[in-house]
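# Summary of structural features
Take a look at the letters that make up each chain.
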Amino acid sequence: MSTAFYSHAECRLHDMGPGHPECPQRLDAISDHLLATGLDIALDYRDAPLATLEQIERAHSAGYVMQLKDLLEQVQAEGRPRALDPDTVACAGTWRATLRAAGAAVAATDDVIAGRASNAFCAVRPPGHHATRDETMGFCFFNNVAVAARHALDVRGLERVAIIDFDVHHGNGTEDIIAGDDRVLMCSFFQHPLYPYSGAVPKGTNMINVPIAPYTRGPELRETLEAMWMPRLEEFRPQMIFISAGFDAHREDDLGQLGLVEADYEWITRRLKDVADRHAGGRIVSCLEGGYHLGALARSVAAHLRVLAEV
Ligand SMILES: [Zn+2]
């Protein structure tokens, strides 16, 4: 059994303009590094399908999905970029990229549940964890991980899944969608204070939010997660684990001020894999969120994948 690696060339056609940190080169940096290190041969490369609107509507309101579809198709037809909020820009390639990103997460979920892969990583953009039920936000359009988690629950019949978010920013969109859905336990840490300045007060009892002070480093963070996440995860016994895998808590990443290094991503992945192996038959689907220093991003994704693929 293998680790599936989902991506698609159309995820590179979403381009928010010169100088924007959430750029197509992020995916190139990851794939180049996997080739250069030979890690690519340990992965099973698969093309992301397009998500259906029905799949997306498990996490977003039908009104929002229809409105965004109309808008992004209009931008696609006109070929002129349009800013949707101060951070989030739509261009001609955005609509197809959003469908590929959510489609990857759903297909990876199906593969892992059906036993066609041990676990999966989705190297996709745009990211998703700031997208709320009804709004684009912070580089995000559709919430890929929330769509996949709801697919596992509503379509594949799982009863308990965990969502882990280790991006440096609080996954406010996922919290907005998932808070109060007791079939899901969401564990996150995030630098606080930092954009989007939420999360210090959790919105539901199924949210384990761990705010972290700027300049915190790996050893201290590991102790905190061991105390705050692990007992709740063990008690919850998730049947599958979804990861919002942002790598912008890396100390070389300028969008946050945390001090993680590759070894910390390896440690987090190992601890999650232990939980998945004990309770979930090893089932993990991990989706790329942030990570903006191209070198640190590529090395951190590789550290994450080495644990998932056991190489
Ligand atoms: Zn982030």
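Refer to the structure printed above.
Everything in this summary refers to the structure shown in the same document. It should be emphasised that the depicted structure is a prediction, and the values quoted were computed from it without experimental measurement. (Residues numbered from 1 in each chain as written. Predicted model: local features only at pLDDT ≥ 70, side-chain atom pairs only at ≥ 80, totals over all residues. Heavy atoms only, no water.)

## Some thoughts on the sheet that holds strand β8 (residues 207–212)
On the basis of which strands lie adjacent, the open sheet formed by eight strands has the order β2-β1-β5-β10-β9-β6-β7-β8 and parallel pairing. For this open sheet the edge positions go to β2 (43–47) and β8, each flanked by a neighbour on one side alone. In this sheet, neighbouring strand axes are inclined to one another by 15° on average, regardless of whether the strands run parallel or antiparallel. Here strand β7 (residues 184–191) runs beside β8; their pairing, made up of six bridges, is parallel. Residue S188 lies in a different strand from β8, and its bridge partner there is N209. (Pairing = 2+ DSSP bridges. Helix = DSSP H or I, 4+ residues; strand = E, 2+ residues; numbered from the N terminus. Axes fitted to C-alpha atoms, helices over the stretch in contact; angles between N-to-C directions.)

## Some thoughts on the packing of helix α4 (residues 94–114) against helix α5 (residues 144–154)
A pair of packed helices is captured by two measures, namely the crossing angle of their axes and the spacing between those axes. Closest axis-to-axis distance for the α4/α5 pair is 9 Å, and the angle between their directions is 35°. Classified by chirality, the crossing of α5 by α4 is right-handed. Note on element contacts: α5 touches α4 through N144, V147, A148, H151 and A152, opposite T98, A101, A102, A105, V106, T109, D110 and I113. A per-class count over the contact of α4 with α5 returns eight nonpolar, four polar and one charged. (Left-handed = near helix turned anticlockwise from the far one by under 90°. Contact = heavy atoms within 4.5 Å. Nonpolar A, V, L, I, M, F, W, Y, C, P; charged D, E, K, R; others polar.)

## Notes on the coordination of the zinc ion
D167 (OD), D167 (OD), H169 (ND1) and D248 (OD) make up the full set of protein donors to the zinc ion, lying at 2.0 to 2.7 Å. One can describe the donor arrangement at the zinc ion as irregular, given that its four donor atoms subtend angles of 52 to 152° at the metal. Positions of the donor residues of the zinc ion, expressed as sequence spacing, correspond to D-x1-H-x78-D. With H169 in the loop between β6 (161–165) and α6 (172–178) and D248 in the loop between β9 (240–245) and α9 (262–279), this pair connects stretches of sequence that are 79 residues apart. When its relative accessible area of 7% is taken as the criterion, H169 is described as buried. (Donors = N, O, S within 2.8 Å, 3.2 Å for Na, K, Ca; no water. Tetrahedral: all angles 85-135°; square planar, octahedral: opposite > 155°, others 65-115°. Buried < 20%, exposed > 50% of the residue type's maximum accessible area, 1.4 Å probe, protein only.)

## Some remarks on unusual backbone geometry
Excluding glycine, a negative phi dihedral is what most residues carry, and trans is how most peptide bonds are arranged. In this structure, the amide linkage connecting R125 to the following residue, P126, adopts the cis form with an omega of 0°. By the element assignment, P126 lies in the loop between β5 (119–122) and α5. Of note in this structure, F139 is not a glycine but carries a positive phi near 75°. Given the relative accessible area of 11%, F139 is considered buried. Of note, E310 is a non-glycine position whose phi angle comes to about 55°, a positive value. Here E310 lies in the segment after α10 (294–309).

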